[in-house]
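# Topology and contacts: notes
Okay, here's what each chain looks like letter by letter:
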Amino acid sequence: MRFFFPDSQDQVDPMFDFVTEEHPVHRIRQRDDRYAHEVLQHRPFDGLLISKSIVDGHGARTSARYTAGARNRLYRERARRFFRLDEVHRDVLIMGDCGAFTYFNEEEPPYSVAEVLDFYEYCGLDWGVAPDHIVFGFVRDGDPIPDEMISEWERRLDITLNNARLFLDEVSRRNCDIVPIGVAHGWSADSYAQSVSDLQDLGYVKIAMGGMVPLRSNDIVSSLEASSGVRKPETELHLLGITRVDEMRRFAQHGVTSFDSTSPFRQAFKDDTDNYYTLDSTYVAIKVPQVDGNASLKRQIKAGKVDQRAAILAERSCLEGLRAYDAGELPVEQALQRVLDYEDLVGVKKTREAEYLRTLSARPWKDCGCGICEEAGIEVIMFRGSERNKRRGFHNLAVFRDRISRNGFHSLQTTGEHT
Ligand SMILES: [Zn+2]
């Protein structure tokens with residue numbers, strides 16, 4: 001089972017100073033900042049997924065996460081060198097897609113088949129996904145199919161299948177060595193199976209299952225089961241955007257050999273509670289907002305509701321308290337109290353006192369050998385600024401890798417590890 005990590009240019013600065021909150025004066029992001037595979041003890045993924053919409057963006061609401069400079073460098077150096085996977089991590093597979101979720105509410109995919117293949121070729125990718133259009137909706141066996149939706153769903157399937165045909169033609173016309181992947185969409189187990197069958201008829205041996213993110217695990221399994229009825233022995237399936245490690249064994253029984261997901265990383269700073277992973281559990285991160293970096297706090301200070309000096313003192317006391325607790329110099333109750341005092345001052349509506357106590361008492365970062373936690377210590381559990389939040393995200397990726405291995409999937413390569 002291969003795990004692909006979708007890139008959105010997330011890096012950390014290894015020289016960032018947690019106490020002064022400053023980067024080195026001579027920092028050059030592109031040279032000095034590091035990707036997950038460069039700071040973790042073991043590389044957490046088998047492959048990277050690069051989306052055209054993340055690199056290039058499209059339309060007025062651009063989804064691009066690349067600066068023009070980074071984009072040009074990606075094209076010039078090609079992905080393997082750009083991500084510094086050309087020396088120790090040469091076995092990493094690099095896969096491209098269009099990021100169909102960024103244009104799901106548009107009439108048609110914004111990119112032509114030729115443009116998409118240009119992008120894959122410029123980046124020098126190993127695998128390339130044909131441009132698809134997501135079908136949103138799922139009808140279980142026996143449920144009525146809503147008339148008002150069916151024509152739109154069929155239209156999207158037609159676009160996807162037609163693009164898949166054109167994509168395959170274009171790959172062979174250009175004679176490029178990108179492994180083409182067709183995307184199966186559907187609104188039911190049977191329609192997913194039909195898509196798989198149609199793509200196989202076109203000649204695809206790698207098929208990505210799309211639009212399954214909102215589906216319940218049982219619906220995914222029923223669709224995979226139905227597809228098993230038509231799937232050829234050589235056909236390999238990829239699950240787009242699906243994590244669900246506990247279900248991987250069931251997925252694998254139906255031909256799934258790879259998947260991708262950003263959740264382990266994003267939960268570090270997007271989730272309400274599950275911010276820090278351990279092998280068997282998750283912990284909430286401790287929010288310590290930056291007085292001079294938090295928009296709502298700034299507003300309150302400007303409006304005279306919060307005294308700026310008091311806020312700065314409480315913030316400092318909170319940070320020092322947490323560090324003293326980590327060093328064994330302050331009891332947990334007192335460190336927690338400083339967090340709560342700071343919360344009071346900035347007007348946090350819903351305190352997480354009990355969850356914070358659980359996190360602090362367990363000190364999960366003390367037992368972690370991911371390569372981040374040993375160095376960052378308690379800073380990794382603070383919900384504060386991108387340098388800490390991304391480190392926690394990288395840590396989660398490392399734990400996620402271990403969760404995959406524990407579930408019996410050992411395909412993650414161990415070459416290229418840091419020594
Ligand atoms: Zn860790």
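Being a predicted model, the structure only gives us computed values, none of them experimental.

### Describing the sheet that holds strand β6 (residues 206-209)
Read once around its circumference, the closed barrel built from 8 strands follows the order β1-β2-β3-β4-β5-β6-β7-β8, with strand pairing classed as parallel. When strand polarity is set aside, the average angle formed by the axes of neighbouring strands in this sheet is 25°. Pairing between strand β3 (residues 93-97) and strand β4 (residues 127-129): 2 bridges, direction parallel. Following the sheet pairing, glycine 96 is matched in β4 by glycine 128.

### Side note on the packing of aromatic side chains
The geometry of an aromatic ring pair is captured by two quantities: the separation of the ring centres and the angle between the planes. Considering all chains together, one arrives at 19 aromatic pairs under this definition. An angle of 20° between the planes, with centres 5.9 Å apart, marks the rings of tyrosine 66 and phenylalanine 82 as stacked. On the criterion of sequence distance, the pair formed by tyrosine 66 in the loop between α3 (52-55) and α4 (68-77) and phenylalanine 82 in helix α5 (residues 79-82) is long-range, its members being 16 residues apart. The two residues tyrosine 66 and phenylalanine 82 agree in class, both being buried. Both rings, one in phenylalanine 265 and one in phenylalanine 269, keep their centres 5.3 Å apart while their planes meet at 85°; by these two values the pair is edge-to-face.

### Brief notes about the coordination of the zinc ion
The coordination sphere of the zinc ion, as far as protein atoms go, consists of Cys368 (SG), Cys370 (SG), Cys373 (SG) and His395 (ND1), spread over 2.1 to 2.3 Å. Considering all 4 donor atoms around the zinc ion, the spread of angles at the metal, 101 to 117°, places the coordination shape in the tetrahedral class. Spacing between the donor residues of the zinc ion along the chain follows C-x1-C-x2-C-x21-H. When its relative accessible area of 2% is taken as the criterion, cysteine 373 is described as buried.

### Section: the packing of helix α8 (residues 189-202) against helix α9 (residues 217-228)
Look at α8 against α9: their axes get within 8 Å of each other, and the N-to-C directions meet at 45°. By the criterion of interaxial angle, the relationship of α8 to α9 is oblique. Remark: the crossing between α8 and α9 carries right-handed chirality. Packed against α8, whose contacting residues are Ala189, Asp190, Tyr192, Ala193 and Val196, the element α9 presents Ser222, Ser223, Ala226 and Ser227 at the interface. Each residue belonging to the contact of α8 with α9 can be placed in one class, and the counts come to 5 nonpolar, 3 polar and 1 charged.

### Overview of the environment of glycine 293
Inspection of the secondary structure assignment puts glycine 293 in the loop between β11 (286-287) and α12 (295-302). For the pair glycine 293 and glycine 385, spaced 92 residues apart in the sequence, the C-alpha separation amounts to 8.2 Å.

### Focus on the nonpolar core
Counting 117 residues, the largest nonpolar core has Phe83, Tyr120, Met209 and Leu239 as its most contacted members. In this structure, this core is formed jointly by two domains, domain 1 (46-260) and domain 2 (269-401), each of which donates at least three residues. Those residues in contact with phenylalanine 83 that lie beyond four places of it in its chain are Asp7, Gln9, Tyr35, His37, Leu48, Ile50, Tyr66 and Leu74. Within the second largest apolar cluster, 6 residues are counted, among which are Val139, Trp153, Leu157 and Trp187.

### A few points about the pairing of β6
Within a regular strand, the side chains alternate between the two sheet faces. With burial as the criterion, each face of β6 is covered, one bearing Lys206 and Ala208 and the other bearing Ile207 and Met209. Bridge analysis of strand β5 (residues 179-184) against β6 gives 3 bridges, and the strand direction is parallel. Its bridge partner being in β6, alanine 184 is matched across the sheet by methionine 209. Traced from β5 through α8 to β6, the parallel crossover comes out right-handed. Bridging between β6 and strand β7 (residues 236-239) involves 4 bridges; their strand directions are parallel. Opposite isoleucine 207, over in β7, you have leucine 237 as the bridge partner. Chirality of the crossover, the property in question, places the unit of β6, α9 and β7 among those that are right-handed.

Criteria and thresholds
Residues numbered from 1 in each chain as written. Predicted model: local features only at pLDDT ≥ 70, side-chain atom pairs only at ≥ 80, totals over all residues. Heavy atoms only, no water. Pairing = 2+ DSSP bridges. Helix = DSSP H or I, 4+ residues; strand = E, 2+ residues; numbered from the N terminus. Axes fitted to C-alpha atoms, helices over the stretch in contact; angles between N-to-C directions. Phe/Tyr/Trp six-rings, centres within 6.5 Å; stacked < 30°, edge-to-face > 60°. Buried < 20%, exposed > 50% of the residue type's maximum accessible area, 1.4 Å probe, protein only. Donors = N, O, S within 2.8 Å, 3.2 Å for Na, K, Ca; no water. Tetrahedral: all angles 85-135°; square planar, octahedral: opposite > 155°, others 65-115°. Parallel < 35°, antiparallel > 145°, perpendicular 65-115°, else oblique. Left-handed = near helix turned anticlockwise from the far one by under 90°. Contact = heavy atoms within 4.5 Å. Nonpolar A, V, L, I, M, F, W, Y, C, P; charged D, E, K, R; others polar. Core = buried A, V, L, I, M, F, W, Y, C linked by side-chain atoms within 4.5 Å. Domains from an automatic or database assignment. Right-handed = clockwise from strand over helix to strand, strands pointing away.

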